[in-house]
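Chain by chain, the residues run as shown.
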Amino acid sequence: MGSAITSLDGILAMYQEERFFLVAICSALLSITAFLAFALPWTWVAYKNPESLRKYRVQGRDIPVKRWFVPSLQRFAFNNLVSFMGVLAAWPVFRLSGIHAGELPAWYVIVGQIIFFIVLDDFLYYWMHRAMHTRWLYKHVHSVHHRITTPYALTGNYMHAIEFMLTSTLVLVGPSLVGAHVVTLWGWIVFRQLEAADGHSGYDVPWNPALLFPFYKGPSYHDFHHRRFFGNYAGFFAYLDKLFGGTYSKGYEEYRRARQPEPRPQVEPQPQPPQR
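The following refers to the structure shown. (Residues numbered from 1 in each chain as written. Predicted model: local features only at pLDDT ≥ 70, side-chain atom pairs only at ≥ 80, totals over all residues. Heavy atoms only, no water.)

Thoughts on the side chain of Thr184
Then step 1. By the element assignment, Thr184 lies in helix 7 (residues 182–199).
Then step 2. Dropping the residues within four chain positions of it, Thr184 is found in contact with Pro105, Ile110, Gln113, Ile114 and Phe117. (Helix = DSSP H or I, 4+ residues; strand = E, 2+ residues; numbered from the N terminus. Contact = heavy atoms within 4.5 Å.)

Quick look at the side chain of Asp223
Then step 1. Relative to the helices and strands, Asp223 resides in helix 8 (residues 219–228).
Then step 2. Discounting chain neighbours no more than four positions away, the residues touching Asp223 are Val58, Gln59, Pro151, Gly199 and Gly202.

Let's talk about a nonpolar patch on the surface
Then step 1. A cluster of nonpolar residues, Trp107, Tyr108, Val111, Ile115, Val119, Phe215, Tyr239 and Leu243, forms a patch on the protein surface that exposes about 870 Å² of accessible area.
Then step 2. At the level of elements, helix 4 (107–132) and helix 9 (239–243) are the ones that each hand at least two residues to the nonpolar patch.
Then step 3. At five residues, helix 4 tops the list of elements feeding residues into the nonpolar patch.
Then step 4. Given the relative accessible area of 36%, Val119 is considered partly exposed. (Patch = residues over 30% accessible without salt bridge, like charges linked within 9 Å, V, L, I, M, F, W, Y side chains within 5 Å. Areas by Shrake-Rupley, 256 points an atom, 1.4 Å probe, with all protein chains shown as cover. Salt bridge = Lys/Arg side-chain N within 4 Å of Asp/Glu carboxyl O. Buried < 20%, exposed > 50% of the residue type's maximum accessible area, 1.4 Å probe, protein only.)

Regarding the environment of Gly112
Then step 1. Inspection of the secondary structure puts Gly112 in helix 4.
Then step 2. For the pair formed by Gly112 and Thr184, sequence separation is 72 residues and the distance between their alpha carbons is 9.9 Å.

Let's talk about the pattern of salt bridges
Then step 1. For the structure on display, the rule yields three salt bridges.
Then step 2. Taking the shortest distance from any N to any O, the salt bridge between Asp121 and Arg192 comes out at 3.0 Å. Of this pair, Asp121 sits in helix 4 while Arg192 sits in helix 7; the two residues are 71 residues apart in sequence, bridging distant segments of the chain. We note that Asp121, like Arg192, is buried.
Then step 3. Across the pair Glu195 and Arg192 runs a salt bridge, and its minimum N-O distance is 3.7 Å. Of this pair, Glu195 and Arg192 both sit in helix 7, three residues apart, which is roughly one turn of that helix.
Then step 4. Residue Glu195 is classed as buried on the basis of its relative accessible area, which comes to 8%.
Then step 5. By sharing partners, the salt bridges in this structure join Asp121, Arg192 and Glu195 into a single network.

Concerning the environment of Ile189
Then step 1. Note that Ile189 resides in helix 7.
Then step 2. Since its relative accessible area comes to 8%, Ile189 is described here as buried.
Then step 3. Filtering out sequence-adjacent residues up to four positions away, Ile189 remains in contact with Ser27 and Ser31.

Regarding helix 6 (residues 161–178)
Then step 1. Spanning 18 residues, helix 6 covers 27 Å between terminal C-alpha atoms, matching the ideal 26 Å at 1.5 Å per step.
Then step 2. Along helix 6, the sharpest change in direction is near 30 degrees and occurs at Leu172; proline Pro175 comes one to four residues later.
Then step 3. Looking at the buried residues of helix 6, the elements they touch are helix 3 (65–94), helix 4 and helix 7.
Then step 4. One or two positions beyond helix 6, positive phi appears at Gly179, with a value near 65 degrees. (Expected span 1.5 Å × (residues − 1). Bend = angle between axes of the 7 residues up to and from the residue.)

This is the structure:
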């Protein structure tokens, strides 16, 4: 009896650690807040459908904001609850990952690690996404996300709970490998939620700051995946689809070529009159 109480006290002590509050609870709350902060403004744009932005719509058909607004919020809430329960169950193991709240590293270390997380996560997500398009996984899991054929930002997290947990697990791989500081983890979570909202926004605006990242092609890339159901499997970097078999969605490359600005015609220099 005494050993059982001791073991229970040891388990409870794990959940009373400051690191549990910072890594598990704060990260979960930040993830929810960041996604809504990025997704709701673009969702409002999709709902209002302003004439000035219609030329930037990836798809010409109406965006069904009303139809999927409440279901998207419900899925988002349920998936985050299930994901947090998973973190609770896994914390005795996950706490050994090395993610810490010690001395804050230099800014360039934080930036370098986040860049590493982006590249690694996108590589892992690409292969997970392709696996999701195998027959059984697509039918029983991934087809939930593909109910959305004309996405807008809030639908970025409309998916089966299993897919949500797998995606969340991939996000934690990089920070666990390097033993990142919790602040670095938070920065990465914010960026990942920006990616989720931006990739589903439905608007391919040229002044999108995310386009400053090399190899990112904007929301149109993932939008074509929803439209065509296959191809464009990468979450952020388009080079993966080119590198691993040219798995582009049908019509995407034609769309990109059509969006390229026309080259300006070169004006022939006028002959100058001879100098006297």
